[in-house]
Amino acid sequence: MIEIGILFAFAALIFWGIGDFLIQRSARKFGDWETLFVISIFGSFILLPFVFNDIGMILASSDHTFLMLLGISTVLFAAALLDFEALKKGKIAIVEPIYALEVPVAAILAFSVIKESVDMIQLLLISMLVIGLVLVSLKSTNFSKKIWVEKGVILAVIGSVFMGATNFLVGFASRVTNALVVNWFISVFLASVCLFYIVSNHRVGKLIRDFESNKKLLLSMSFLDNLAWVAFAIAMTLIPIVIAVALSESYIALAALLGLVISKEKLLLHQKFGLCVALSCAIILAVMLP
């Protein structure tokens, strides 16, 4: 079962790496709310046949399952908007490595709540990873300048804290219920909130036109992102949450590489060094976790 869990975590790595690259393109072209709505409504319909028999159980549950899923969905909603805005404003090669902060956040929660342990070597790797993130986040090494932080970095840091908490909560909820139910509920919640915003701002017509003219991009993005979350949730039911988060978090290497190669994003020397340190530590941490 451990091998299968690692395989699902690796699948999430691939799907998220490509998916975030497509999300950046969509967020810049259509906006955060439209992008999140398309992803969520896609997941709502695709997962519905697999969870239909469980919906009544969730609503009638007396063990606060509904409230737990509602709380997780709210946290993920905040994290997703912050992440999308960061991807829209910043370089993907700069923003993606910041998401490695999700690893220590999820690890701290896993250690505190369900007593998953982190040894000294892992703590050292996490510390080096954070140092790498600081380097890659700096626009200049001249601290006399007022603006030296890359666009999107602050949003990415805040979003990573929320997403790290979400990673843990999704894993915990997937063990209480099941991975498909958790992902379906989150998708329905996000789609509902986004639809309310889009309708309230009279952007339905624009959404329809954007979808009709960009079906390939939006459907590919939605498929990959939803598949990544399902694979990730399943992985966390088979292996420790900390291991699943660390393994899947290595998707930042693939996403950053896509940004450098395809989008021709340029980094300064210290940013390249920080990128290498951050990604290397994330990968090593993932491999070394017991």
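Preceding this paragraph is the structure being described.
Note that this is a predicted model, so its numbers are computed, not measured.

Reading guide: rules and limits
Residues numbered from 1 in each chain as written. Predicted model: local features only at pLDDT ≥ 70, side-chain atom pairs only at ≥ 80, totals over all residues. Heavy atoms only, no water. Helix = DSSP H or I, 4+ residues; strand = E, 2+ residues; numbered from the N terminus. Buried < 20%, exposed > 50% of the residue type's maximum accessible area, 1.4 Å probe, protein only. Patch = residues over 30% accessible without salt bridge, like charges linked within 9 Å, V, L, I, M, F, W, Y side chains within 5 Å. Areas by Shrake-Rupley, 256 points an atom, 1.4 Å probe, with all protein chains shown as cover. Salt bridge = Lys/Arg side-chain N within 4 Å of Asp/Glu carboxyl O. Axes fitted to C-alpha atoms, helices over the stretch in contact; angles between N-to-C directions. Parallel < 35°, antiparallel > 145°, perpendicular 65-115°, else oblique. Contact = heavy atoms within 4.5 Å. Nonpolar A, V, L, I, M, F, W, Y, C, P; charged D, E, K, R; others polar. Polar contact = N/O pair within 3.5 Å; in protein donor to acceptor, adjacent residues only side chain to side chain. 1 Å grid on protein atoms, 1.4 Å probe; cavity = no way out; pocket = protein on both sides within 12 Å on 5 of 7 lines; lining within 4 Å. Points joined across faces, edges and corners; volume = space filled by probe spheres on them.

Caption draft 1: Fine view of the environment of Val-103. Mapped onto the secondary structure, Val-103 falls in helix H5 (residues 102-114). What makes Val-103 buried here is its relative accessible area of 4%. When the C-alpha positions of Val-103 and Gly-164 are compared, they lie 6.5 Å apart, and in sequence the two are 61 residues distant.

Caption draft 2: Main features of a nonpolar patch on the surface. Among the surface-exposed residues, Ile-121, Ile-283, Ile-284, Val-287 and Met-288 lie close enough to one another that they form a single nonpolar patch of about 450 Å² accessible area. Looking at the nonpolar patch element by element, the count peaks at four residues for helix H13 (residues 269-288). Within the secondary structure layout, Met-288 lies in helix H13. Exposure remark for Met-288: the relative accessible area of 43% places this residue in the partly exposed category.

Caption draft 3: Here's a closer look at the packing of helix H1 (residues 2-30) against helix H3 (residues 65-89). Where H1 meets H3, the axes come as close as 8 Å, and the angle between the chain directions of the two elements is 80°. As the angle between them shows, H1 and H3 are arranged roughly perpendicular. For the pair formed by H1 and H3, the contact residues are Asp-20, Ile-23, Gln-24, Ala-27 and Arg-28 on the first element and Phe-84, Leu-87 and Lys-88 on the second. Within the contact of H1 with H3, the residues separate by chemical class into four nonpolar, one polar and three charged.

Caption draft 4: Up close: the side chain of Asn-167. Inspection of the secondary structure assignment puts Asn-167 in helix H7 (residues 153-176). The exposure class assigned to Asn-167 is buried, which follows from its relative accessible area of 2%. Engagement of the side chain of Asn-167 in a polar contact is seen with the side chain of Glu-102, the distance being 3.0 Å. Beyond its immediate chain neighbours, meaning those up to four positions away, Asn-167 contacts Glu-102, Trp-229, Phe-232, Met-236, Val-245 and Glu-249.

Caption draft 5: Molecular detail of empty space enclosed by the protein. Enumeration according to the criterion identifies two cavities of 30 Å³ or more in this entry. Space inside the largest cavity adds up to approximately 350 Å³. What lines the largest cavity is a set of 27 residues, and nearest its centre among them are Trp-16, Leu-76, Met-163, Asp-225 and Trp-229. Secondary structure elements with two or more residues in the lining of the largest cavity: H1, helix H2 (32-60), H3, H7, helix H8 (179-200), helix H10 (215-238) and helix H11 (241-249). No other element matches the five residues that H3 contributes to the lining of the largest cavity.

Any functional reading would require information that these geometric values do not contain.
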